[in-house]
Amino acid sequence: PPPGPPPPPPPADIGGPGGGDDMTAAKSALFADINKGTDITKGLKKVTADMQTHKNPGLRQTGPVTYKPGSGPKPYSKPTTTTTGPPKLQLEGKKWSVPAPAKEPVLELNGKKWNVEFHKDRKDLAITQTEMRQTVYVYKCENVTLQVKGKINSITLDSCKKVALVFDDVISSVDFINCQSIQAQVIGKTPIFNVDKTDGCQIYLSKTSLDTEVVGAKSSELNILVPDNSGEFTEFAIAEQFKTVWDPKTKKMNTVPTEVVG
């Protein structure tokens, strides 16, 4: 007869070196659980009806799972990129700058000071209730016409553009600082106009204010308009260039305006 099948191989030594008593105990526990038969499921936690998805539709996920703070690590999301370009620039005088955010316009009396600020495209601004101790401060207004009634202490225009000012009487001074394209008309009297760092300024004098002084510094296109007997105005330009020479007789520097020959 033919020879029978070869004997099975000897069992592998899964204990081996380094396994020790821990591996032997694990094998014994495994075989003990297998020998329980059907009793092996007695240690499992029972699934109740409220835990079954086919009996409780609220447990079903019908869409993507959203991340809730505190529920676990936040899922990865692709970083977003902004599409806004660089800020737009605007030309102020001879300098380019980033325009500041628009602010609410103001026209109010604060103590003895009238504040007129951030107005734009207004031709109807007026201050009518005035006193001699009050002042008017106009700041960053553009394309505005302002009328000041009565006699007040002083008027200041600061960082304004395309502003027309009409006023009755000023006791102290009228000042223009860092302005562009300014027009001013005095109906009564004022002792002095101070024009500082201003490009484009026209001052209309009245017949009673012909003795008004005009002091200009670091300014250009400064013109004075003087009325005649018929009410017509004659324009006079203030010199922007000066010539300085040494006078040996007086031993002083002599400065005189110069005219540009074009």
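So, here is what we can say about the structure in this document. (Residues numbered from 1 in each chain as written. Predicted model: local features only at pLDDT ≥ 70, side-chain atom pairs only at ≥ 80, totals over all residues. Heavy atoms only, no water.)

1. Regarding unusual backbone geometry
In this structure, K140 is a non-glycine residue whose phi angle is positive, near 50 degrees. For K140, a relative accessible area of 41% gives the class partly exposed. (Buried < 20%, exposed > 50% of the residue type's maximum accessible area, 1.4 Å probe, protein only.)

2. Considering the pairing of strand β8 (residues 161-177)
Inspection of the sheet shows strand β7 (residues 142-158) paired to β8 by 13 bridges, in the parallel sense. Directly across from K151, in β8, lies its bridge partner D169. Bridging between β8 and strand β9 (residues 180-186) involves six bridges; their strand directions are parallel. Looking at the pairing, K161 lines up with Q180 of β9. As judged from the four bridges shared by β8 and strand β10 (residues 192-196), these two strands associate in the parallel manner. Its bridge partner lying in β10, I177 is registered against D196. (Pairing = 2+ DSSP bridges. Helix = DSSP H or I, 4+ residues; strand = E, 2+ residues; numbered from the N terminus.)

3. Some words on the packing of aromatic side chains
With the rule as written, the count across this model stands at five aromatic pairs. Relative to F193, the ring of F176 lies with its centre 6.2 Å away and its plane at 40 degrees, an arrangement referred to as tilted. In this pair, F176 sits in strand β8 while F193 sits in strand β10, placing the two residues 17 residues apart along the sequence. No difference in accessibility class separates F176 from F193, as the two residues are buried. Taken together, F118, Y137 and Y139 form an aromatic cluster joined through their ring pairs. One Lys or Arg, K113, reaches over the ring of Y137 and ends 4.5 Å from the middle of that ring. (Phe/Tyr/Trp six-rings, centres within 6.5 Å; stacked < 30°, edge-to-face > 60°. Lys NZ or Arg CZ within 6 Å of the ring centre and 35° of its normal.)

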